[in-house]
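Below, each chain spelled out in residue letters.
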Amino acid sequence: MTSNSSPKTWDFTKDQTDAGWRSMSLLARFVQRGGHPAPVTPTIALSAGEKQYGAFPVNAMSYFSTDVDYSSGIFASGGFFFTASSTAARCGWRNEGRQSVTLTSQRLVLRGAERAQAYDFRTLILIQPNPLDWSVNLYFQGAQPMMLRGPWVPWMTVVMSAELYGSPWPPGPMPNLDMPIKALCEKP
């Protein structure tokens, strides 16, 4: 697998994708009727008033517009200024591997093999769901754009949208939730 491509093999089972799709569809209809996702028992430390909604594995990718040579950084105007590396200027999505995501009412926490990173919803700029690919692109202020992919990601998108917008999807066109899961799984 190259660093700019998505995983070539789908490493989740049909049972997982079926369960994720079914849960997303049911939750989206529930939220449309005025319901709200139910919190679960926390698996991480929460702040006052924060609720946890779930924790599950995802395939994570980050988008880089150019490689940066961090050794050439200088301090200027209250922050670091970096110059682009002259040896490599590749852009695109880079595989960050399998990570654990924990979703709360206030943030998204990603845990990889090397570190954990929390993304506060107050810094969320844009959600681009792609439920037919079991993925979502998330844009947080001050962070690389990220793509999360896995059978529970469409459900996670509904939970985030319910929390942030009071609707099952972010503003924009709503996907067809009645498409049979079999048709989705049999993409050429």
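Up top is the structure these notes are about.
Below is a short write-up of the structure. Remember, it's a predicted structure, so these values are computed and weren't measured experimentally.

Parameters at a glance
- Residues numbered from 1 in each chain as written.
- Predicted model: local features only at pLDDT ≥ 70, side-chain atom pairs only at ≥ 80, totals over all residues.
- Heavy atoms only, no water.
- Helix = DSSP H or I, 4+ residues; strand = E, 2+ residues; numbered from the N terminus.
- Expected span 1.5 Å × (residues − 1).
- Buried < 20%, exposed > 50% of the residue type's maximum accessible area, 1.4 Å probe, protein only.
- Phe/Tyr/Trp six-rings, centres within 6.5 Å; stacked < 30°, edge-to-face > 60°.
- Core = buried A, V, L, I, M, F, W, Y, C linked by side-chain atoms within 4.5 Å.
- Contact = heavy atoms within 4.5 Å.
- 1 Å grid on protein atoms, 1.4 Å probe; cavity = no way out; pocket = protein on both sides within 12 Å on 5 of 7 lines; lining within 4 Å.
- Points joined across faces, edges and corners; volume = space filled by probe spheres on them.
- Nonpolar A, V, L, I, M, F, W, Y, C, P; charged D, E, K, R; others polar.
- Polar contact = N/O pair within 3.5 Å; in protein donor to acceptor, adjacent residues only side chain to side chain.
- Pairing = 2+ DSSP bridges.
- Salt bridge = Lys/Arg side-chain N within 4 Å of Asp/Glu carboxyl O.

Let us look at helix H2 (residues 153-165). If you check H2, its first and last C-alpha atoms are 17 Å apart, about what 13 residues at 1.5 Å a residue would give, namely 18 Å. Here H2 lies mainly inside the structure; ten of its 13 residues are buried. Three or more residues of H2 are buried, namely Val153, Pro154, Trp155, Met156, Thr157, Val158, Val159, Met160, Ser161 and Ala162. The first or second residue beyond H2 is Gly166, which carries a positive phi of 70°.

Another aspect to go through is the packing of aromatic side chains. This model, assessed by the stated rule, comprises five aromatic pairs. Taken together, a centroid distance of 6.3 Å and an interplanar angle of 70° make the contact between Trp21 and Trp134 edge-to-face. With a gap of 113 residues between them, Trp21 in helix H1 (residues 14-32) and Trp134 in the loop between strand E7 (124-130) and strand E8 (135-140) connect regions that are remote in the sequence. Of the two residues examined, Trp21 and Trp134, each falls in the buried class. Between the aromatic rings of Phe56 and Trp155, the centroid separation amounts to 6.1 Å while the plane-to-plane angle is 80°, which identifies the pairing as edge-to-face. Of the two residues, Phe56 sits in strand E1 (residues 52-64) while Trp155 sits in helix H2, which places them 99 residues apart along the sequence.

Quick look at unusual backbone geometry now. Even without being glycine, Trp134 reaches a positive phi, approximately 55°. A relative accessible area of 4% places Trp134 in the buried class.

Of all hydrophobic cores here, the largest spans 31 residues; its most connected members are Leu103, Leu108, Leu138, Leu148, Trp155 and Met156. Those elements that provide at least two residues to this core are H1, E1, strand E4 (92-104), strand E5 (107-111), E7, E8, strand E9 (146-149) and H2. Sort the elements by how many residues they give to this core and H2 lands first, with seven residues. Those residues in contact with Leu103, other than ones at most four positions away along the chain, are Lys51, Gln52, Tyr53, Gly54, Leu108, Phe121, Trp155, Met156, Val159 and Met160.

Estimated volume of the largest pocket: approximately 420 Å³. Surrounding the largest pocket, 19 residues form its lining, Ser62, Glu96, Gln99, Arg115 and Tyr119 being those nearest its centre. Only E1, E4 and strand E6 (116-120) provide two or more residues apiece to the lining of the largest pocket. Counted by class, the lining of the largest pocket contains eight nonpolar, seven polar and four charged residues.

Before going further, it helps to examine the side chain of Ser62. Topologically, Ser62 is positioned in strand E1. For Ser62, the side chain forms a polar contact with the side chain of Glu96, separated by 3.3 Å. Non-local contacts of Ser62, meaning those with residues more than four positions away in its chain, are made with Gly92, Trp93, Arg94, Glu96, Gln144, Pro145 and Met146.

Attention shifts here to the pairing of E6. Remark: a regular strand shows side chains that alternate across the two faces of the sheet. Pairing analysis gives five bridges linking E5 to E6, with the strands arranged antiparallel. In the strand pairing of E6, Arg107 is matched with Asp120. In this antiparallel pair of consecutive strands, E5 and E6, the connection spans four residues.

Inspection of every chain in the model, using the stated rule, returns four salt bridges. Of the charged contacts in the structure, one is a salt bridge between Glu50 and Arg107, with a shortest N-O distance of 2.6 Å. With Glu50 in the loop between H1 and E1 and Arg107 in strand E5, this residue pair connects regions lying 57 residues apart in the sequence. The class of Glu50 is buried, set by a relative accessible area of 8%. Note that Asp120 is salt-bridged to Arg122, the shortest N-O span being 2.8 Å.

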